[in-house]
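The lines below spell out each chain.
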Amino acid sequence: MRVLVQRSKKSNVKVDNKVVGSISSGLVLLVGFTYGDSEEIIDKMIKKIINLRIFDDENGVMNKSILDYGGEILSISQFTLYADTKKGNRPSYINALKSDEATILYDIFNKKIKEYINVETGVFGAEMEVNIINDGPITIMLEL
């Protein structure tokens with residue numbers, strides 16, 4: 001499982017020019033799954049994300065988690081996180097989990113993280129327009 005975490009001032013996702021998910025501030029998560037991923041891995045990833053200290057405290061030091069900060073999450077499915085570009089110029093997505101299996105894990109991921117914080121989502125498998133105002137910019141790749 002890979003999640004690209006971006007601290008965001010404001011973000012939204014559109015499908016067919018219609019906003020389907022929007023946050024004012026918090027985290028944008030680009031979420032990808034691979035073979036062997038499970039609920040156990042999802043639980044570990046969620047724990048890492050919600051406790052990741054990347055928000056400024058009163059002294060301007062990145063010392064607060066999303067839970068301390070009180071923001072929201074915009075979660076976007078992103079199979080391209082598993083692009084393999086070692087050979088040639090055309091990425092291979094052979095390591096990305098097939099969509100029927102990935103859909104199930106993505107739904108579980110979002111359901112479980114919603115137990116901690118407000119989560120908005122895109123539409124799995126849809127052609128999406130994601131608008132992110134990155135704060136910092138802070139961007140971190142997590143992999144389990």
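Anything mentioned here points back to the structure above.
S.K.: Teacher, can you tell me more about the overall build of the chain here?
M.R.: Of regular secondary structure, the chain possesses three helices and eight strands. Each helix and strand of the chain, ordered N terminal to C terminal, gives the series β-β-β-α-β-β-α-β-α-β-β. For the chain, whose C-alpha radius of gyration is 15 Å, the value lies close to the compact-globule estimate of 15 Å for 144 residues. Seen along its three principal axes, the alpha-carbon backbone of the chain occupies a region of about 45 × 35 × 30 Å. Within the chain, the proportion of its 144 residues that are buried is 42%. Long-range pairs, those at least 24 residues apart, make up 73% of the contacts in the chain with a sequence separation of at least 6.

S.K.: Help me out: how do you make sense of the packing of helix α1 (residues 39-51) against helix α3 (residues 99-113) in this one?
M.R.: Packed helices, taken two at a time, are described by the angle between their axes plus the distance between the axes. Relative to each other, α1 and α3 sit at 45 degrees, their axes nearing to 10 Å. In terms of their interaxial angle, α1 and α3 are classed as oblique. Judged by the sense of rotation from one axis to the other, the crossing of α1 with α3 is right-handed. On α3, the residues touching Glu-39, Ile-42, Asp-43, Met-45, Ile-46, Ile-49 and Ile-50 of α1 are Leu-105, Ile-108, Phe-109, Lys-112 and Ile-113. Residue composition of the contact of α1 with α3, grouped by class: nine nonpolar, no polar and three charged.

S.K.: Please clarify how the pattern of salt bridges should be interpreted in this entry.
M.R.: Pairing is possible between side chains of opposite charge, provided their charged atoms come close. A complete count under the given rule lists six salt bridges for this structure. Residue Arg-2 is joined to Glu-143 by a salt bridge in which the shortest nitrogen-to-oxygen separation is 2.9 Å. With Arg-2 in strand β1 (residues 2-15) and Glu-143 in strand β8 (residues 128-143), the pair connects residues that are 141 residues apart, well separated along the chain. Since its relative accessible area comes to 47%, Glu-143 is described here as partly exposed. Between Lys-112 and Asp-43 there is a salt bridge, with the nearest N and O atoms lying 2.8 Å from each other. Here Lys-112, found in helix α3, pairs with Asp-43, found in helix α1; they are 69 residues apart in sequence, far enough to count as distant. The exposure class assigned to Asp-43 is partly exposed, which follows from its relative accessible area of 36%.

How each quantity is defined
- Residues numbered from 1 in each chain as written.
- Predicted model: local features only at pLDDT ≥ 70, side-chain atom pairs only at ≥ 80, totals over all residues.
- Heavy atoms only, no water.
- Helix = DSSP H or I, 4+ residues; strand = E, 2+ residues; numbered from the N terminus.
- Rg over C-alpha atoms; globule rule 2.2 N^0.38 Å.
- Buried < 20%, exposed > 50% of the residue type's maximum accessible area, 1.4 Å probe, protein only.
- Contact = heavy atoms within 4.5 Å.
- Axes fitted to C-alpha atoms, helices over the stretch in contact; angles between N-to-C directions.
- Parallel < 35°, antiparallel > 145°, perpendicular 65-115°, else oblique.
- Left-handed = near helix turned anticlockwise from the far one by under 90°.
- Nonpolar A, V, L, I, M, F, W, Y, C, P; charged D, E, K, R; others polar.
- Salt bridge = Lys/Arg side-chain N within 4 Å of Asp/Glu carboxyl O.

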